Amino acid sequence: LMSGLLFDKIFLCGKEMKYAKDFCHHASYFPTKQELEKHLKENKISGAEILIKGSRGMGLESLLDLL
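Residues numbered from 1 in each chain as written. Predicted model: local features only at pLDDT ≥ 70, side-chain atom pairs only at ≥ 80, totals over all residues. Heavy atoms only, no water.

## Details of the overall build of the protein chain
Okay, step 1: A tally of helices and strands in the protein chain yields one helix and two strands.
Okay, step 2: The secondary structure elements of the protein chain, listed N-terminal to C-terminal, are β-β-α.
Okay, step 3: By its C-alpha atoms, the protein chain is 30 × 30 × 20 Å across when sized along the principal axes.
Okay, step 4: For the protein chain, the residues scored as buried account for 22% of the 67 residues in total.
Okay, step 5: By sequence separation, contacts in the protein chain at least 24 residues apart represent 34% of the contacts at least 6 residues apart.
Okay, step 6: For the protein chain, the exposed surface amounts to about 5,500 Å²; the carbon and sulfur share of it is 55%.
Okay, step 7: Of the charged side chains in the protein chain, 10 are positive and 9 negative, and the gap between their average positions amounts to 3 Å. (Helix = DSSP H or I, 4+ residues; strand = E, 2+ residues; numbered from the N terminus. Buried < 20%, exposed > 50% of the residue type's maximum accessible area, 1.4 Å probe, protein only. Contact = heavy atoms within 4.5 Å. Areas by Shrake-Rupley, 256 points an atom, 1.4 Å probe, with all protein chains shown as cover. Lys, Arg positive; Asp, Glu negative; His and termini not counted. Charge placed at Lys NZ, Arg CZ, Asp CG, Glu CD.)

Listed below in structure tokens is the structure:
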């Protein structure tokens, strides 16, 4: 990926990120934070380093307890 970084999983969230899926085919795309939240509740992540990037308007920090 960009800058030589490799990720096992990439979650794209929000309508503005839909275009990124075209460039990152192995990413999972969630149109809303609620859909990403549901996925995280059903698919626990452990033993991982996690990078969260989003606009303040998305409020992704509310998902931290699920990680």
